[in-house]
Amino acid sequence: MAVLILSGVLVLALGGCVCVVWAARGGPRWVRAVSAATLAAGEAVRRARRTGRSRNPNQLGDSDG
């Protein structure tokens, strides 16, 4: 069951990446909408990681720098 869920998430992520590239080349309106949603989700994840890091500055294993 977990493999099925992770596979679905992977397919959605890859599809979002394809839509970002396609939208950059002038794809249809629905591709631009999926691209915007993908970029917004990526930014939300990035912000959540920053917020989590600032809450616990002594966390070990930070590989960002």
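Above this text sits the structure in question.
If you're wondering where the values come from, they're calculated on a predicted model, not measured in any experiment.

1. Examining the overall build of the chain
Here comes step 1: Looking only at helices and strands, the chain has 2 helices and 0 strands in total.
Here comes step 2: Out of the 65 residues belonging to the chain, those deemed buried represent 9%.
Here comes step 3: Of the roughly 5500 Å² of accessible surface on the chain, a fraction of 65% belongs to carbon and sulfur atoms.

2. Describing the pattern of salt bridges
Here comes step 1: A complete count under the given rule lists 2 salt bridges for this structure.
Here comes step 2: Among the salt bridges present, the one from Arg46 reaches Glu43, with a minimum N-O distance of 2.5 Å. Taken together, the residues Arg46 and Glu43, both in helix 2 (residues 29-55) and 3 residues apart, mark about one turn of the helix.
Here comes step 3: Its salt-bridge partner being Arg47, residue Glu43 comes within 3.5 Å of it at the nearest N-O pair. Here Glu43 pairs with Arg47, and both are found in helix 2, just 4 residues apart, close to one helical turn.
Here comes step 4: Taking relative accessible area as the criterion, Arg47 reaches 52% and is therefore assigned exposed.
Here comes step 5: By sharing partners, the salt bridges in this structure join Glu43, Arg46 and Arg47 into a single network.

3. Remarks on helix 1 (residues 2-24)
Because an α-helix packs 3.6 residues into every turn, residues spaced three or four apart end up facing the same way.
Here comes step 1: End to end, helix 1 covers 33 Å across 23 residues, agreeing with the expected 33 Å (1.5 Å per residue, within 8%).
Here comes step 2: The first or second residue beyond helix 1 is Gly26, which carries a positive phi of 90°.

4. Remarks on a nonpolar patch on the surface
Here comes step 1: Judged by side-chain polarity, Met1, Leu4, Ile5 and Val9 come together as a nonpolar surface patch covering roughly 480 Å² of accessible area.
Here comes step 2: Summarising the element assignment, Ile5 is placed in helix 1.

5. Comments concerning the state of the cysteines
Here comes step 1: Tallied over the entire structure, the rule returns 0 disulfides.
Here comes step 2: Note on Cys17: no disulfide assigned, nearest cysteine sulfur contributed by Cys19 at a separation of 9.4 Å.
Here comes step 3: What makes Cys17 partly exposed here is its relative accessible area of 45%.

6. Focus on the side chain of Ser35
Here comes step 1: Looking at the secondary structure, you find Ser35 in helix 2.
Here comes step 2: The contacts of Ser35, once residues within four sequence positions are left out, are Cys19, Val20 and Ala23.

How each quantity is defined
Residues numbered from 1 in each chain as written. Predicted model: local features only at pLDDT ≥ 70, side-chain atom pairs only at ≥ 80, totals over all residues. Heavy atoms only, no water. Helix = DSSP H or I, 4+ residues; strand = E, 2+ residues; numbered from the N terminus. Buried < 20%, exposed > 50% of the residue type's maximum accessible area, 1.4 Å probe, protein only. Areas by Shrake-Rupley, 256 points an atom, 1.4 Å probe, with all protein chains shown as cover. Salt bridge = Lys/Arg side-chain N within 4 Å of Asp/Glu carboxyl O. Expected span 1.5 Å × (residues − 1). Patch = residues over 30% accessible without salt bridge, like charges linked within 9 Å, V, L, I, M, F, W, Y side chains within 5 Å. Disulfide = S-S within 2.5 Å. Contact = heavy atoms within 4.5 Å.

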